[in-house]
Structures are given as C-alpha cells and as structure tokens.
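Structural overview
Here are the chains, one letter per residue:
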Amino acid sequence: GRTLASRPLGALAAGLHTIPLRPEDLTGAGRGRDLVLKLSAVSSYPNGPSDAAHTRFQVSDAGEIALPNRPILLGSTPNPMTVSTRIAMVLPTLGAQRATLGMFDASGRRRRTWSGGFSPGLNEVEWDGTDDQGRAVRAGVYFYRLDLNGQRETGRISLVR
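Being a predicted model, the structure only gives us computed values, none of them experimental.

For the rest of this paragraph, the subject is the pattern of salt bridges. Scanning the entire structure with this criterion turns up 13 salt bridges. In this structure, Asp-105 and Arg-111 form a salt bridge, with 3.1 Å as the shortest nitrogen-oxygen distance. Salt bridges sharing common partners tie together Arg-7, Arg-22, Glu-24 and Asp-25.

Dropping the structure here:
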C-alpha cells in the first residue's frame, strides 16, 4: 500500500496515550476500504528499545472510523509491571459482551479471568498481580489471552516484585 499520512509526535511520557486521527490524515483513503494504522515508538534513552504496532480499520461512508470486525489486543502498560498494569483492547460491535480476557502463568495455568461487561470499541482492564481469589501471584512472565467468537489475541507481561 501507500502512505496516506505520517507525523512525528515528539517525546511522550511513558504510558498509554490517545492519539486521534485527523481528517487530513485520511485524505484519499476512500470509503469502505481496509486501511492499516502503523505506530512506531523509539525510546529516548541511548540504545533504548523501539516497538511498533499496527491495526486494521475502515472509514465509513460518513467519513468516520469504523470499529474493526475482529478483536484487537493493544498491549499492556507498564511492562514490566511492579504494582499494576493496564491491558487495552478494541472490540468489534458484534459479540463484545462475550469477550473473555484470561491471565496465564508460564505453566499455562489460568490465574485471572475477566469476562462480560465489555463494550464495542476501546476497553481497558487493570491487573494488580492477583489471581481470581485475590491472592498475589509470584513474580515471573505471564501471558494474557483475549478470546472472542473463536478468535484469539495474545500478549506477554513480566511481573517484578
């Protein structure tokens, strides 16, 4: 594909940020076509890490951004975590209420589950490092999995105590 728009955002503080698309970012996009939003981040520290994320979306006939037709897991911040982290996801219109987010330890045992109560669009869940019974889990690597309508998205987080 071709690039419709590119803009630097400068230095941002660590954490989750909302960066709205502007109408001029979508000029020439066409309606009802699959588009891909790519976001790149580079650490300001010398030899610091960089990361990139992408998601698909469409622009409706009214010129508005339409929700995706499949669930998208945006990731967690902070990662690694010490006290808590926020896991963000975007859910489609159909079936958002049936979405389930599970937290698993490195052995594959389910430690925490969030289900129901989700809505179409952006959703966030805060994990405080506890299991479903409220007990603190051990430090280590954990995997979270978003399930909806037979589709799965996964992510990984490190818990440091």
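Among the seven residues that make up strand 5 (residues 85-91), six are buried, leaving the element largely enclosed by the rest of the structure. Where strand 5 and strand 8 (residues 121-127) come together, seven bridges link them in antiparallel fashion. Its bridge partner being in strand 8, Met-89 is matched across the sheet by Asn-123.

Turning next to the side chain of Ser-76. Among the structural elements, Ser-76 can be located in strand 4 (residues 72-77). Exposure remark for Ser-76: the relative accessible area of 18% places this residue in the buried category. The residues contacting Ser-76, other than those within four sequence positions of it, are Thr-85, Arg-86, Ile-87, Tyr-144, Arg-156 and Ile-157.

Extensive coverage of strand 6 (residues 100-104) is indicated by the burial of four of its five residues. Between strand 6 and strand 7 (residues 110-115), which follow one another and run antiparallel, lie five residues, and Gly-108 among them has a positive phi close to 90 degrees. Sheet analysis places strand 6 next to strand 9 (residues 140-148), joined by five bridges and oriented antiparallel. Paired with Gly-102 across the two strands is Arg-145, which belongs to strand 9.

How each quantity is defined
- Going along each chain's sequence as written, the residues are numbered from 1 onward.
- Whole-chain, interface and lining totals are the exception, using all residues; otherwise, since this is a predicted model, local features are given only for residues with pLDDT of at least 70 and side-chain atom pairs are given and counted only at 80 or more.
- Values shown for side chains rest on all heavy atoms present in the structure; no hydrogens or waters enter the calculation.
- A side-chain nitrogen of Lys or Arg and a carboxyl oxygen of Asp or Glu constitute a salt bridge if their distance falls within 4 Å.
- Think of it in three bands: residues with accessible area under 20% of the maximum for their type are buried, residues over 50% are exposed, and the middle band is partly exposed, with areas taken using a 1.4 Å probe on protein chains only.
- Labels follow the DSSP assignment, with helices taken as runs of H or I lasting at least four residues and strands as runs of E lasting at least two, numbered in each case from the N terminus.
- DSSP-based pairing: two strands are paired if at least 2 bridges between them are found.
- Any pair of residues with heavy atoms lying within 4.5 Å of one another is described as a contacting pair.

None of the figures reported here should be taken as evidence of function without further support.
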